[in-house]
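Residue-level structure breakdown
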Amino acid sequence: MATKNGSATAAPNSADEIDAVSGEKDLIDMMNDLQTKLVANGYSLDLALPQIVVVGSQSAGKSSVLENIVGRQFLPRGCGVVTRRPTLIQLYPTQGEEYAIFGHKENQKFTDFKEVKAEIAAQMPAKFNFSSIPIQVKIYSPRGKNQNIIYAII
Ligand SMILES: Nc1nc2c(ncn2[C@@H]2O[C@H](COP(=O)(O)OP(=O)(O)OP(=O)(O)O)[C@@H](O)[C@H]2O)c(=O)[nH]1
Ligand SMILES: [Mg+2]
């Protein structure tokens, strides 16, 4: 977690200018960590965080919209009921390498977004089944200027 005294950060290369302005990044980092832990244990975080929730009928293009926002093709898309599990996507701005880290594989850095997509697909329940347990993925990307949180039921 980023701190104001400049000690270790869980979001390496984060945009430090956000820190300098208001400390907002520290707060959002904390809220992201809290949200990650709560969701992993079946709770939700009932606070007014910057979130985007995508709702729509089957194959309406929800996953495609989120890919557009993130700027990467990393979600399973297609015909039929594709997304059968909610996905919590947390965006972290970085100045360097673009990568993803899953909540269920915290020690593995995914730099190939085709593999991110394959991992999300692998975490979907069997065809015609649904799960309410979110897949958690943090995306570190130079595209985002501000830190955003997307909570997607997709
Ligand atoms: N023509 C067109 N096709 C689109 C558009 N957006 C998405 N698609 C296609 O529509 C199909 C469904 O898109 P998805 O993004 O998977 O839709 P979804 O709402 O996430 O679908 P489910 O997760 O199954 O509910 C895919 O083949 C997309 O490529 C669009 O704006 N125009
Ligand atoms: Mg989808």
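Within each chain, residue numbers correspond to sequence positions counted from 1 in written order. All chains are assigned letters beginning at A, and all ligands numbers beginning at 1, according to the order in which they are written. The predicted origin of the model limits local features to residues at a pLDDT of at least 70 and limits the giving and counting of side-chain atom pairs to 80 or more, whereas totals for whole chains, interfaces and linings rest on all residues.

In the nomenclature of an unreviewed UniProt entry, the protein is known as Dynamin-1 of Nephila pilipes.

With that out of the way, let us pick up the overall build of the protein. Broken down by element type, the protein carries 4 helices and 6 strands. Along the chain direction, N to C, the helices and strands of the protein fall in the order α-α-β-α-β-β-β-α-β-β. Counting every position in the protein, which comprises 154 residues, the buried fraction comes to 24%. In the protein, once contacts between residues fewer than 6 apart in sequence are set aside, the share between residues at least 24 apart is 69%. Working definition: helices are DSSP H or I runs of at least four residues, strands are E runs of at least two. Numbering for both runs from the N terminus. Residue burial here comes from a neighbour count, namely the number of other C-beta atoms, placed from the backbone, that lie within 10 Å of the residue's own C-beta, with 20 or more meaning buried, 12 or fewer meaning exposed, and in between meaning partly exposed. Whether two residues are in contact depends on their C-beta atoms, placed from the backbone: they are in contact if these lie within 7 Å.

Taken together, the buried positions of helix H3 (residues 62–70) are Lys 62, Ser 63, Leu 66 and Val 70. Taken end-on, H3 shows its buried residues confined to a sector of 95°, consistent with a single buried face. One or two steps after H3, the chain reaches Gly 71, where phi turns positive at roughly 85°. Throughout, the arc means that of the directions going from the helix axis to the C-beta atoms.

Let us look at the pairing of strand E2 (residues 87–93). Extensive coverage of E2 is indicated by the burial of 7 of its 7 residues. Because side chains alternate across E2, one face comprises the buried residues Thr 87, Ile 89, Leu 91 and Pro 93, and the other comprises Leu 88, Gln 90 and Tyr 92, equally buried.

Right, let's get into the pairing of strand E4 (residues 105–110). The pairing criterion is simple: DSSP has to find at least two bridges between the two strands. Note: strand E3 (residues 99–102) against E4, 2 bridges, orientation antiparallel. Across the sheet, residue Ala 100 finds its bridge partner in E4, namely Phe 110.

Attention now moves to the environment of Arg 77. Looking at the secondary structure, you find Arg 77 in the loop between H3 and E2. With 16 C-beta atoms packed within 10 Å, Arg 77 lands in the partly exposed category. When the C-alpha atoms of Arg 77 and Ser 64 are compared, they prove to be 7.2 Å apart, with 13 residues separating the residues in sequence.

Moving on to unusual backbone geometry. A positive phi angle is found at Ser 59, which is not glycine, with a value near 60°. Position of Ser 59 relative to the elements: it lies in the loop between strand E1 (51–52) and H3. Residues other than glycine seldom take positive phi values, yet Phe 128 does so here, at roughly 70°. Relative to the helices and strands, Phe 128 resides in the loop between helix H4 (113–122) and strand E5 (135–141).

On to the site of ligand 1, then. Using the backbone to place each C-beta atom, any residue with that atom within 6 Å of a molecule or strand is considered near it. Lining the immediate environment of ligand 1, one finds 14 residues, of which Gly 61, Ser 63, Ser 64, Arg 77 and Thr 83 sit closest. Side-chain classes are defined by residue name, with Ala, Val, Leu, Ile, Met, Phe, Trp, Tyr, Cys and Pro counting as nonpolar, Asp, Glu, Lys and Arg as charged, and the others, Gly among them, as polar. Residues of the shell around ligand 1, tallied by class, amount to 4 nonpolar, 8 polar and 2 charged.

Let's shift gears to the confidence of the model for the protein. Of the residues in the protein, 73% reach a pLDDT of 70 or more, and the chain-wide mean stands at 78. Each residue carries a pLDDT value, the predictor's own confidence for that position, ranging from 0 to 100. Considering only residues more than four positions removed or in separate chains, one finds that residues 1–21, a stretch of pLDDT under 50, has 34 contacts.

As a further point, take H4. Among the residues making up H4, those that are buried are Val 116, Lys 117 and Ile 120. Seen from one end, H4 has its buried residues packed into an arc of 95°, which puts them on one side. Residues Lys 114, Ala 121 and Ala 122 are exposed on H4 and point more than 90 degrees away from its buried face. In the core, the buried residues of H4 are packed alongside E2, E3, E4 and E5.

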